[in-house]
Amino acid sequence: MRIVPGSANPALAQAVANHLGVETDGCTLQRFPDGELRPQVENACGADVYIVQPTSPPVNEHLVELLLLVDACRRSRAGRVTAVVPYFGYARQDRRTAPGQALGSAVVADAIAAAGADRLVVVDPHTPELEAVCRIPAETLSAVPALAGALAGHLPDGTVVVAPDLGAVKLAERYAAVLHGPVAVVRKQRGAGSAVAALDVAGDVIGRTAVIVDDMITTGATIEAAVGLLRAGGAAHDIVVAATHGLFVHAAAGRLQDLGLRRVLVSDTVAVKNTGATIEIASVAPTIADAIACLHTDKPLRDPPIPAR
Ligand code: R5P
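Below, the structure is looked at part by part. (Residues numbered from 1 in each chain as written. Predicted model: local features only at pLDDT ≥ 70, side-chain atom pairs only at ≥ 80, totals over all residues. Heavy atoms only, no water.)

## Observations regarding unusual backbone geometry
What counts, and what does not: In this text, helices come from DSSP runs of H or I with a minimum length of four residues, and strands from runs of E with a minimum of two, each type numbered from the N-terminal end. Type-normalised accessible area, obtained with a 1.4 Å probe on protein chains alone, sets the label of each residue: buried when under 20%, exposed when over 50%, and partly exposed for intermediate values.
Between P57 and the following residue, P58, the backbone shows a cis peptide bond with an omega angle of -5 degrees. Within the element layout of this structure, P58 appears in the loop between β4 (48–52) and α2 (59–75). For Y90, which is not glycine, the phi dihedral falls at a positive 80 degrees. Assignment of secondary structure puts Y90 in the loop between β5 (80–85) and α3 (104–115). Here Y90 falls in the partly exposed class, since its relative accessible area comes to 29%. One non-glycine residue with positive phi stands out, namely D124, at about 35 degrees. By the element assignment, D124 lies in the loop between β6 (119–123) and β7 (138–141). D124 sits in the buried class, given a relative accessible area of 5%.

As structure tokens, then:
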């Protein structure tokens, strides 16, 4: 077994390797003056290789590096190549919303397969249907047990789990199953660019502490809009936010800091930069390590420890 760290999140690759009790593999990345990348892997010949590379911002750069790494392993005659892509960029492009658009999630999944990956491992992809557009087997892991586990026991009775848009309802239900609370849903409208409006909320939030859950925080606009709506609707001022992927682009971290939230929790699928804001991290390294151990020995993946509803 070889764990090959891409440059997007070497700390996560190292943490995964530590959990597995193996070393990460040597991998160098040459950058040419014109921006071209040339990664080089060691010891891949005959090995069961796991390349750990979220396609987080800069998305296209990290994606091309991943494709080159997969190809490098294949050309080194690796026995099997698994692309571990904890954050799968382009997953939001899961359908065409206007004529003339591309289907980004399918294009990226195809590219990873075409580069020579035998399997794909992702964590909480934006679209659960990602697996359906992959022509190689895809395993979907979740950060919900790690994130909800870090919240459980630290919330007052009556806490409500809030989906900040309709797409997050299933995710909210999974948190609610662990936290044993009700679910409320915000109706969100996205305007031009990153403008977001929270229109109304379905569910009882009055006087309750809210845990807003989402698959990702990008600019922070979705969270900001939900927080404003919940407070205006009588929720307790004390609001907690949990999201799998902390992309924190533009001034997202400062934006959340200004909201006076009780806690902001993300996983380490994406390397969290020194944002200056107080962001807590719950690691998915044990979850990924556990999955790799099962894949390496051709055993079925263990179900995530989420109680059935
Ligand atoms: C959208 O459907 C996603 O689930 C997230 O809500 C969204 O990507 C978050 O982006 P932002 O932080 O820019 O509002």
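## Section: the packing of helix α1 (residues 10–20) against helix α8 (residues 285–296)
Defined as follows: Note on method: axes are straight lines fitted to C-alpha atoms, helices fitted across the in-contact stretch only, with angles between N-to-C directions ranging 0 to 180 degrees. Each angle is binned into one of four classes, with values under 35 degrees roughly parallel, values over 145 roughly antiparallel, values of 65 to 115 roughly perpendicular, and all other values oblique. The sense of a crossing depends on the near helix, which, turned anticlockwise from the far helix by less than a right angle, makes the crossing left-handed and, turned clockwise, makes it right-handed. Two residues form a contact once any of their heavy atoms are found within 4.5 Å. Basically, the charged four are Asp, Glu, Lys and Arg, the nonpolar ten are Ala, Val, Leu, Ile, Met, Phe, Trp, Tyr, Cys and Pro, and anything else, Gly included, counts as polar.
Between α1 and α8, the shortest axis-to-axis distance is 8 Å and the interhelical angle comes to 60 degrees. By the angle class used here, α1 and α8 are oblique. Every pair of crossing elements has a handedness; the one defined by α1 and α8 is right-handed. Between α1, through L12, A15, V16, H19 and L20, and α8, the contact on the second element is made entirely by A285, P286, I288, A289, I292 and A293. Each residue belonging to the contact of α1 with α8 can be placed in one class, and the counts come to 10 nonpolar, one polar and no charged.

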